[in-house]
Amino acid sequence: MSSMAMPAVSAPREPVAYRLYGKLGWTGLAVTWGGLVLLALLYYLTAESSALHVPDYVIVLIGKIMCYAMVALALDLIWGYAGILSLGHGLFFALGGYAFGMYLMRQIGHDGVYKSELPDFMVFLDWKEYPWFWAGTDQLWISLLLVVLVPGVLAAIFGFFAFRSRIKGVYFSIITQALTYAAMLLFFRNNTGFGGNNGFTDFKRIAEVGITLPGMKFTLFLLTAAALLGALLLCRWIVTSKLGRVLIAIRDAESRLRFCGYDTVGFKLFVWTVSAVIAGIAGALYVPQVGIINPGEMSPANSIEIAIAVAVGGRGTLIGALVGAGLLHGLKSWVTVAFPEFWLFLLGMLFVLVTLFLPQGIVGLWLRLRKK
Amino acid sequence: MVTAEKEITVDPASFSPDGTVSYNRVVDGSVPDLAHGAILYMDDITVSFDGFRAINKLSLSIDVGELRCIIGPNGAGKTTMMDVITGKTRADSGSAFFGQNMDLSKMSETEIARAGIGRKFQRPTVFEDHSVFENFELALKMDKGVWTTLFAKLSGVQRDRIDEVMTTVGLEARAHDPAGLLSHGQKQWLEIGMLLAQDPKLLLLDEPVAGMTDEETERTAELFVSLAGKHSLIVVEHDMDFVAAIARKVTVLHEGAVIAEGSLQQVKENERVVEVYLGR
């Protein structure tokens, strides 16, 4: 037994095929994204009178849902794999939105109500010049950089202290919730310099091109679809790498992993920061499509909604996050119009039902049925 | 214990079983200096929890390549001692050194594991959602930094090493099953195999045969005996038959301190040991 000869019974050489997706997966992605591109083309190329024309509001709604799907994806990466439940991902989403919103505000130029160089809310506060933290935001590339850096750096600093102190589980969730709540209060103040409770709105253009033009909406829609696909493939690549297996090991037995020689703080920090950056990019794509960003995006309820979307779709599957966000927000946009007062009850009930009867979510159920 | 001048020593890794010869090199602080023949020194260690002294002025030294059994009644401080060695618990006073140069009280759990101390827990702890193969992959000795892990691909040599370890612990047929489906004894074997894959210089094994069948216990004994010499082992065990099968030198702990040390026969004849442990 102790002889170290070649194994007599040799195990199959390929342990598990660690690939991005199988044939079925790639086909599904191609069909879905092909459909999205087709929708955009029908919107942009056909006349409004045509039977094939896709109306404006559909493009905006689907564009919005894709942004929600992207944050849900970001949350699934850390919650479903590393077991870190953030109830503050709305904060990173909003910060990305605000970072790009600053650029959108400067693109208004002199077309505001007060015809001033400054945004209306600054004129209202009787400010004479841009505060220092608005420096450079008239440059598209700087604001795009901020979209990545602001959520990324905040997440890295917060994560460093939280993970080093070994804060986890429900304590971590509560702290992230408090963090987004504190940020919301901060952004509600007019003196913070981000438009107070009105936030940013009334955008006119991006890169000197009108924001309400069909061409712009078409472009934003396609950019969002591309970003969502890119984020999905990036996350999928991470979780199918050895690092992904380390993340699951962190979720299941973190202290064992430390005794194997892994510095778990570094791994958590990496994936937490990637997740925050994806959420920030989603926020930046969201703002020009819906035309507004205000501190309401940082409200705890928004972040909880993201977690519910992931739970409904199925944790630790990535695709589940997209499915969950699509269903939840599709439902929301219908219910909040048809029965506005029932939405929160429905949301709560959905969460309870999924937790009780579908702990693996919709995609988890599908995977289980397929295995049988 | 502190030597004034910097010594040039032969790294014991040069006596590795694969027969490769390395050059003498200066001990650089990232590997334990084993020149004086001891791999672990614990001197006057005390650990207390809320006034209770789990470890009380414990001193212990383990030689390179030694297989040491530690026995003692429940609450004697055996597991706490392992916690101190692996950095899970900090000692209130006293010193613990890995080799002559690595002060364990100043290292994190990860650093201690990387320096070459591996641990098997009392309750088998494996990654239950991962396959047996993946458990070994995670444990396998390699650079465990974030970036290298993100881009890691198993080489043929590494894969052979995993196959070899899987065969050694008899789990090759279960390679692709989730570890959570293994029996208790098989989980024990998996964790022991993960330690082998990690290739530590010093192995700490906390009740490794608990829950194993007689046959499994026998095979474990054979394995440990074959490991001694190439590795140093500290085995904590209650199963006296198992201890008898593997023991060369036995240390008896009681109330956080060493009360006897020697061959199993000597220890068994020690009156104090009979009184507090064996005689019960």
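Residues numbered from 1 in each chain as written. Chains lettered and ligands numbered in written order. Predicted model: local features only at pLDDT ≥ 70, side-chain atom pairs only at ≥ 80, totals over all residues.

Caption draft 1: Here's a closer look at the overall build of chain B. Scanning chain B for helices and strands turns up 10 helices and 12 strands. For chain B, the residues scored as buried account for 46% of the 280 residues in total. For chain B, the share of sequence-separated contacts (at least 6 apart) that also reach a separation of at least 24 residues comes to 65%. (Helix = DSSP H or I, 4+ residues; strand = E, 2+ residues; numbered from the N terminus. Buried ≥ 20, exposed ≤ 12 C-beta atoms within 10 Å, placed from the backbone. Contact = placed C-beta atoms within 7 Å.)

Caption draft 2: Focus on the overall build of chain A. Helix and strand content of chain A: 13 helices and 4 strands. Radius of gyration (C-alpha) of chain A: 22 Å, near the 21 Å computed for a compact globule of 372 residues. Projected onto the principal axes, the alpha-carbon positions of chain A cover approximately 85 × 55 × 40 Å. Within chain A, the fraction of its 372 residues that count as buried is 42%. Contacts in chain A between residues far apart in sequence, at least 24 positions, make up 77% of those at least 6 positions apart. (Rg over C-alpha atoms; globule rule 2.2 N^0.38 Å.)

Caption draft 3: Structural detail: the interface of chain B and chain A. Taken together, the contact between chain B and chain A spans 35 residues of the former and 28 residues of the latter. At the level of elements, α2 (109-115), α3 (132-139), α4 (146-150), α5 (156-168) and α7 (214-227) of chain B are the ones that each hand at least two residues to the side of chain B that touches chain A. Of the residues forming the side of chain B that touches chain A, the biggest block, 5 residues, is contributed by α3 of chain B. For the side of chain B that touches chain A, a count of residues per class yields 12 nonpolar, 10 polar and 13 charged. (Nonpolar A, V, L, I, M, F, W, Y, C, P; charged D, E, K, R; others polar.)

Caption draft 4: Spotlight on the confidence of the model for chain A. Per-residue pLDDT for chain A averages 92, and the proportion of residues at 70 or more is 95%. Across residues 1-15 of chain A the pLDDT falls below 50, and counting only partners more than four positions away or on other chains, this stretch makes 22 contacts in the model. (pLDDT = per-residue confidence, 0-100.)

Caption draft 5: Geometry of the pairing of strand β6 (residues 93-98) of chain B. All names here are of chain B. With 5 bridges joining them, strand β3 (residues 38-49) and β6 adopt antiparallel strand pairing. Note on β6: the bridge partner recorded for L40 is F98. Two successive antiparallel strands, β6 and strand β7 (residues 102-103), enclose a turn made up of 3 residues, where G99 displays a positive phi of approximately 65°. (Pairing = 2+ DSSP bridges.)

Caption draft 6: Just the sheet that holds strand β4 (residues 52-63) of chain B, in detail. Pairing is antiparallel in the open sheet, where 4 strands are placed in the order β4-β3-β6-β7 (chain B). Each end of this open sheet is capped by a strand with a single partner; those strands are β4 and β7 of chain B.

Caption draft 7: Representation of helix α1 (residues 23-45) of chain A within the structure. Residue and element names in this part refer to chain A. Relative to the 33 Å expected for 23 residues at 1.5 Å per residue, α1 spans 32 Å between its end C-alpha atoms, a close match to the ideal helical length. Within the sequence span of α1, burial applies to L36, A40 and Y43. Along its buried surface, α1 packs onto α2 (56-81) and α7 (214-240). (Expected span 1.5 Å × (residues − 1).)

Caption draft 8: Just unusual backbone geometry, in detail. Residues and elements named next belong to chain A. Here D126, not a glycine, exhibits a phi torsion of approximately 70°, which is positive. With respect to the helices and strands, D126 occurs in the loop between α4 (120-124) and α5 (140-164). Positive phi is not limited to glycine here, since E208 has a value of about 70°.

Caption draft 9: Focus on the sheet that holds strand β5 (residues 67-71) of chain B. Residue and element names in this part refer to chain B. Here 6 strands make up an open sheet; going across it, the order is β8-β9-β10-β5-β11-β12 and the pairing mixed. Since the sheet does not close on itself, it has two edges, and those belong to β8 (117-120) and β12 (257-262), each with one partner. Neighbour-to-neighbour, the strand axes of the sheet open up by a mean angle of 20°, direction not taken into account. Across 4 bridges, the pairing between β5 and strand β10 (residues 232-236) is parallel. Bridge pairing links I70 to V236 in β10. Contacts from helix α6 (residues 184-198) reach β8 and β9 (202-206) within the one sheet, and its direction differs from that of β8 by about 175°. (Axes fitted to C-alpha atoms, helices over the stretch in contact; angles between N-to-C directions.)

Caption draft 10: Up close: helix α12 (residues 343-357) of chain A. Given a rise of 1.5 Å per residue, 15 residues ought to cover 21 Å, and the 21 Å separating the end C-alpha atoms of α12 of chain A matches this to within 8%. The buried count for α12 of chain A comes to 0 of 15 residues, which makes it a mostly uncovered element.

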